[in-house]
Amino acid sequence: MSTIVTVKGVNFLELDGSLSPRWGDGHYPRLSRVLSDPEIVSIRLFQIDFSRLDQSFVTLLGTVLKSRIWERVYMACCKGVMPCSCVNGILQTRQLEIYGSTLNFMPALGKALARNATPIECIRLRTRLQEEHTMPLAEGLKSSTRLKKLYLTCIFSDEGSAHLLSSGLAENQHLELLSLYGCELQNEQSMESMLNVLQNHPSLVTLELRDNNTSGAGALASLVRHTRALENLDLYLPPNTSQEAQLTRLNMESLSIALCENKSLKSLALANNALQTQDILWLSIALRRNKILQRLNLQGNLITDEGVQALANALPEMSLKELCLWNNPFTARGAQALLEGLRHQNTILQSITTFSRYPCTADIQYFTHLNRAGRHLLREEDHYQDLALDESMSTADYFYNNYAGNRGNKGRVPLALWPFVLGRVNEQRWSKRETASVLYTLLKEGPAVITSR
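Residues numbered from 1 in each chain as written. Predicted model: local features only at pLDDT ≥ 70, side-chain atom pairs only at ≥ 80, totals over all residues. Heavy atoms only, no water.

K.L.:
Can you help me understand the packing of helix 10 (residues 252-261) against helix 11 (residues 277-289) in this one?
P.N.:
If you want to describe how two helices pack, look at the angle between their axes and the distance between the axes. Contact geometry of helix 10 with helix 11 gives a least axis separation of 8 Å together with a crossing angle of 5°. In this view, helix 10 runs roughly parallel relative to helix 11, as classed from their interaxial angle. Mapping the contact onto sequence places Met-252, Glu-253, Ser-256, Leu-259 and Cys-260 in helix 10 and Asp-279, Trp-282, Leu-283, Ile-285, Ala-286 and Arg-289 in helix 11. (Axes fitted to C-alpha atoms, helices over the stretch in contact; angles between N-to-C directions. Helix = DSSP H or I, 4+ residues; strand = E, 2+ residues; numbered from the N terminus. Parallel < 35°, antiparallel > 145°, perpendicular 65-115°, else oblique. Contact = heavy atoms within 4.5 Å.)

Take a look at the structure:
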């Protein structure tokens, strides 16, 4: 059955083979309409058996597919040999998504990528890849200049497939995102081969190695140490990983040493990697020295109060803006250590994600909100004081007395900077109460902070 559906304002032509045992004249008017309807920008092909399509319908479908450059072609659970007219048609898209479907189009895809004869900028493959499928993809990667994103949620049926993909990536110069989610790269040689070629990739910005075993790959540390382009590295493991996998943890010593030398990484996800206290001690050393990293995800590990204390001690020298500690077994004592470090010694960290059950969670959020609004503007190295409020004075009085009172120019926020501070507050998605607690009350009750000269 063919239907026109709208998702988030985007019109799709959806061909669902599961709803129609035979394809015939009833579908022709609908497909013909697509040829003259510029608002239909994407096509979904679902459970179509290409071997059961009559020739006239195949001709019309091929004509429709080749009629324009599509924003997205999505093909799921299709089988049979795809006719050549349809193969050439699905390559006329900017985003190609294939889920558990026939792969006889792969040779044509590889040739089109190699010749840059397709507008495809993003490919998503979720299926089992054999050498006969991986080889043309690898050849296409070597010469492609248009493909920017490659998502492979695949199972490599043999070791040769992974090595073929590595050879293609070794010569690629334009890919910006590579995702290998759950590709079962359990063989250490396959993983090391992949990482070795990526460490010198000139344009790769994001690398996702989710649900892959990287514990024994010495090449991971080498990648982090030598890369000059990589900004986002995701080593996430699913939360329901088996006990055996949980015991096979990352070598945080080598990874942390590499982080000390890294000059490009801005985001690192280490969720569910069973990191323990000793791992965090190594990581905290790297956080003191690395001034590039801005986002760190440590969700779902085994971090105790001792590990959190190590992170808190490193707060004065951190460059992080976002830190996720959700679902770790530390107690309120560890959360309090974070609060004290944040209150006194850090004006950069803008988000800390923890359990809401800790008594000091609201205070942690308060100081991260202050940081996000520009608390570093109030900080003078020689005159920075505790931001805890005196019970005898209002928030505005406290800030006025300490930062805009009779202290000369030291500690005073330059008048020209306040519009930027207020603009930043206005951009945040805070409640009215949160905004007031950060800056609105200060400005309302203490206008001298702005007007004093």
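K.L.:
Looking at this structure, how should I read the pairing of strand 8 (residues 149-152)?
P.N.:
As a general feature of sheets, a regular strand has side chains that alternate between the two faces. As paired elements, strand 6 (residues 122-126) and strand 8 share four bridges and run parallel to each other. Paired with Cys-122 across the bridge in strand 8 is Lys-149. (Pairing = 2+ DSSP bridges.)

K.L.:
Would you take a moment to explain the packing of aromatic side chains for this structure?
P.N.:
For any two aromatic rings, the description comes down to two numbers: the centre-to-centre distance and the angle of the planes. Under the definition given, this model contains five aromatic pairs. The interplanar angle of 55° and the centroid separation of 4.7 Å between the aromatic rings of Trp-326 and Phe-355 together place this pair among those described as tilted. Of this pair, Trp-326 sits in the loop between strand 15 (322-324) and helix 13 (332-345) while Phe-355 is found in the loop between strand 16 (351-353) and helix 14 (361-373), placing the two residues 29 residues apart along the sequence. A residue is classified by how much of its surface remains accessible, and Trp-326, at 35% relative accessible area, is partly exposed. Looking at Phe-355, the relative accessible area reads 16%, which means it is buried. Among the aromatic residues, ring-to-ring pairing joins Trp-326, Phe-330, Phe-355 and Tyr-358 into one connected group. Positioned above the aromatic ring of Tyr-151, the side-chain terminus of Arg-124 is 3.8 Å from the ring centre. (Phe/Tyr/Trp six-rings, centres within 6.5 Å; stacked < 30°, edge-to-face > 60°. Buried < 20%, exposed > 50% of the residue type's maximum accessible area, 1.4 Å probe, protein only. Lys NZ or Arg CZ within 6 Å of the ring centre and 35° of its normal.)

K.L.:
Please clarify how the packing of helix 12 (residues 305-314) against helix 13 should be interpreted in this entry.
P.N.:
Between helix 12 and helix 13, the shortest axis-to-axis distance is 8 Å and the interhelical angle comes to 0°. Compared by their axis directions, helix 12 and helix 13 come out roughly parallel. Across from Asp-305, Val-308, Gln-309 and Ala-312 in helix 12, the residues of helix 13 making contact are Arg-333, Gly-334, Ala-337 and Leu-338.

From the geometry alone we can't say anything about function, so treat these as descriptive.
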